[in-house]
Amino acid sequence: MASGDVWHMEKRSSVRNDSFGDKADTESSLESGSLSIIVLGASGDLAKKKTFPALFNLYRQGFLPPSEVHIFGYARSKMTDDELKDRIHGYLVPSKNATPEMSEDVSNFLRLIQYVSGSYDTEEGFQLLDKEISKYEYEQNRQEGISRRLFYLALPPSVYPPVCRMIRRYCMNKSENVGWTRMVVEKPFGRDLQSAEQLSSQIGELFNESQIYRIDHYLGKELVQNLLVMRFANRFFLPLWNRDNIDNVQIVFREDFGTDGRGGYFDQYGIIRDIIQNHLLQVLCLVAMEKPVSLTPEYIRDEKVKVLQAVDPIKDEEVVLGQYEGYKDDPTVPDTSNTPTFATVVLRIHNERWEGVPFILKAGKALNSRKAEIRVQFKDVPGDIFKCKRQGRNEFVMRLQPSEAIYMKLTVKQPGLEMSTVQSELDLSYKQRYQGVVIPEAYERLILDTIRGDQQHFVRRDELKAAWEIFTPLLHRIDEGLLKSVPYKPGTRGPAEADALLEKAGYVQTHGYIWIPPTL
Ligand code: NDP
Ligand code: BG6
């Protein structure tokens, strides 16, 4: 490890001081004793691309001290420890960042990993897993300490129920009163309201809500975490953030690549289940919710649920679906597939703050750029003596990725002798303003939250249910073929119908102005 235990303690306490002072967080940060992190589905795509790299980054920053932590990979594939390590090795450090110090960190990190092979629904594998965890815990806890077991299900949701049953039966933390067992479950959590509720009940019979961490990695993104701070810690926004001033809100996700070998999975789900029902809807909650009583996770999640419950049923005429040409060339995708790879959906929130303001959620694969952003467009200025309308409306934009930034588009005087106006921006570009600050990966942050027992950035069961209630009728209509996906060319903005819907919803595009992220 690059740094010793002293650094590790400092790091932990500084993060604690910067946190919102949540009680559970503070208390659990003080925990010590053995921590076993078990990645189920360790042979898979998510594990190698996201879970292990996130654990490595936490390790490098001193959050996973080797004196306390051991990492187990579990899957059916027959592999040795070394084979698993070879599989993940190349994903831990992007080659452009590789330094000799990093290589040493990688070797030390890989030493913490052990692989156990077994099936997901029979006792032998889980008994063996428990034996290995217990052996490690026994070695660690000869000194005073507690045992903590964190199970990360990097698995298809179809196997969650048997896996949860096996963990409950064979692999729980053995001490009654100290330590804990926590489960991180990945999306997609169900395919619709009924399947999600069924899955929730099956898992809910085995674990308390406080043990279940439903991950939505968008909640771990830096700018998403800044949303509540922006809204509730700044006087600017308090009087403006409502239907009197805001004309429309867009929450946009674009990718400039297609389903990239995940066509088989994707075709079962489509872009609404993959991105909109979870990632974009979670962002919408934070944009639209009322101020929570405090920053206690349950108060925040209560407010998110209230917003979701106030969303009106989606109207077919406020939906555009698209499928990029070439999507069905993937051999795992049926030739008859109507699965949308693009969707624009207008949501309407029926409450005092938002009545009449369209929330336009837009997501697409194989488009002309990769970006995710929140764009809040304000109404026109009344009594427009400067003819600002010509230039375009005020907008508040949070660019979630890439080039994280928060900027406000506004009208200013064009410098010079003439009294003419021009669009410009107040720009908080992170690379420029926070030079040298490394923005943590979402998974890194969320795994750390799980270790600390902080559920603020995880989806609660009633929140999930409310999210599925919004989208299930629409999804069923799509599954029944009542709504069709229109074709669009890869590398474009998506179907032209989506731009028409945007305009109909009230969005006014600014012509002749483009925000350019500053270069250093
Ligand atoms: P994989 O398809 O790679 O599956 C992970 C592992 O699970 C496989 O290595 C395999 O391990 C086992 N597995 C696969 N299919 C089955 C099956 N039908 N029955 C039993 N075991 C199976 O999935 P990912 O790693 O891509 O994703 C894991 C979870 O994370 C999923 O819920 C996915 O939706 C979610 N997710 C994935 C993302 C990604 O970028 N990959 C992004 C966001 C979420 P073995 O055969 O060795 O047991
Ligand atoms: C995942 C989706 O949840 O998010 C993928 O399943 C998508 O289809 C990914 O590519 C995007 O995540 P990010 O963090 O790159 O925006």
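Residues numbered from 1 in each chain as written. Chains lettered and ligands numbered in written order. Predicted model: local features only at pLDDT ≥ 70, side-chain atom pairs only at ≥ 80, totals over all residues. Heavy atoms only, no water.

A. Fine view of the packing of helix H4 (residues 81-92) against helix H5 (residues 100-110). Where H4 meets H5, the closest approach of the two axes is 11 Å, and the angle between their N-to-C directions is 145°. Crossing geometry of H4 relative to H5 is assigned as right-handed. Residues Lys-85, Ile-88, His-89 and Leu-92 of H4 pack against Val-106, Phe-109 and Leu-110 of H5. Of the residues in the contact of H4 with H5, the class split is five nonpolar, one polar and one charged. (Axes fitted to C-alpha atoms, helices over the stretch in contact; angles between N-to-C directions. Helix = DSSP H or I, 4+ residues; strand = E, 2+ residues; numbered from the N terminus. Left-handed = near helix turned anticlockwise from the far one by under 90°. Contact = heavy atoms within 4.5 Å. Nonpolar A, V, L, I, M, F, W, Y, C, P; charged D, E, K, R; others polar.)

B. Layout of the site of ligand 2. Close to ligand 2 lie 13 residues, the nearest being Lys-187, Tyr-218, Lys-221, Glu-255 and Asp-274. Between an oxygen atom of ligand 2 and a side-chain N or O atom of Lys-365, the distance comes to 2.7 Å. Here ligand 2, which alone exposes 400 Å², has 84% of that area covered by the protein. No other element matches helix H10 (residues 263-288), which puts three residues into the shell around ligand 2. For the shell around ligand 2, the per-class residue count stands at three nonpolar, three polar and seven charged. (Near = heavy atom within 4 Å. Polar contact = N/O pair within 3.5 Å; in protein donor to acceptor, adjacent residues only side chain to side chain. Areas by Shrake-Rupley, 256 points an atom, 1.4 Å probe, with all protein chains shown as cover.)

C. Local environment of the pairing of strand E11 (residues 371-378). Among the eight residues in E11, eight count as buried, and that is most of the element. Side chains of E11 alternate between two faces, with Lys-371, Glu-373, Arg-375 and Gln-377 and Ala-372, Ile-374, Val-376 and Phe-378 buried alike. The sheet contact formed by strand E7 (residues 246-254) and E11 spans eight bridges and is antiparallel. Paired with Asn-248 across the two strands is Gln-377, which belongs to E11. When E11 meets strand E12 (residues 395-401), the two strands line up antiparallel, connected through six bridges. What sits directly across from Val-376, in E12, is Phe-396. (Buried < 20%, exposed > 50% of the residue type's maximum accessible area, 1.4 Å probe, protein only. Pairing = 2+ DSSP bridges.)

D. Just the layout of surface pockets, in detail. Approximately 570 Å³ is the volume found for the second largest pocket. Along the wall of the second largest pocket there are 24 residues; nearest its centre are Lys-371, Glu-373, Arg-375, Arg-493 and Gln-509. Of all the secondary structure elements, the ones that give two or more residues to the lining of the second largest pocket are E7, E11 and strand E13 (405-413). Taken together, the residues of the lining of the second largest pocket break down into nine nonpolar, seven polar and eight charged. (1 Å grid on protein atoms, 1.4 Å probe; cavity = no way out; pocket = protein on both sides within 12 Å on 5 of 7 lines; lining within 4 Å. Points joined across faces, edges and corners; volume = space filled by probe spheres on them.)

E. Structural context of the packing of aromatic side chains. Per the counting criterion, the structure on display carries 19 aromatic pairs. Ring centres 5.6 Å apart and planes at 50° place the aromatic pair Tyr-59 and Phe-109 in the tilted group. On the criterion of sequence distance, the pair formed by Tyr-59 in helix H3 (residues 45-60) and Phe-109 in helix H5 is long-range, its members being 50 residues apart. As far as burial versus exposure is concerned, Tyr-59 and Phe-109 are alike and both buried. Grouping aromatic residues by their ring pairs yields a cluster made of Phe-266, Tyr-324, Tyr-327, Phe-342 and Tyr-488. Looking at Arg-191, its charged tip hangs above the ring of Tyr-269, at a distance of 5.8 Å from the centre. (Phe/Tyr/Trp six-rings, centres within 6.5 Å; stacked < 30°, edge-to-face > 60°. Lys NZ or Arg CZ within 6 Å of the ring centre and 35° of its normal.)

F. Summary view of empty space enclosed by the protein. Summed over the entire model, instances satisfying the criterion amount to two cavities of 30 Å³ or more. By volume, the largest cavity is sized at about 150 Å³. Lining the largest cavity are 15 residues, and of these Lys-187, Phe-189, Asn-278, Val-459 and Leu-464 sit closest to its centre. At the level of elements, H10 and helix H14 (461-479) are the ones that each hand at least two residues to the lining of the largest cavity. Classifying every residue of the lining of the largest cavity by side-chain character gives seven nonpolar, three polar and five charged.

G. Summary view of the domain arrangement of the protein. Under the domain assignment, the protein is made up of domain 1 (3-186) and domain 2 (219-505). Measuring from the centre of the C-alpha atoms in domain 1 to the corresponding centre in domain 2 gives 32 Å. (Domains from an automatic or database assignment.)

H. Structural context of the site of ligand 1. Around ligand 1 there are 21 residues in total, and Ser-43, Leu-46, Arg-76, Ser-77 and Tyr-120 lie nearest to it. Between ligand 1 and the protein, one listed contact pairs an oxygen atom with a side-chain N or O atom of Ser-43 at 2.7 Å. Contacts to ligand 1 include Lys-187, whose backbone N or O atom sits 3.0 Å from an oxygen atom. Split into classes, the residues belonging to the shell around ligand 1 amount to twelve nonpolar, four polar and five charged. Viewed by domain, the shell around ligand 1 spans two of them, domain 1 (3-186) and domain 2 (219-505), each represented by three or more residues.

I. Spotlight on the sheet that holds strand E3 (residues 113-117). Reading across the sheet, the six strands line up as E3-E2-E1-E4-E5-E6 and stay open at both edges, with parallel pairing between neighbours. Both edges of this open sheet fall to E3 and strand E6 (212-214), since each of them pairs with a single strand only. Sheet twist, expressed as the average angle between the axes of neighbouring strands with direction ignored, equals 20°. Bridging between strand E2 (residues 69-75) and E3 involves five bridges; their strand directions are parallel. Opposite Gly-73, over in E3, you have Tyr-115 as the bridge partner.

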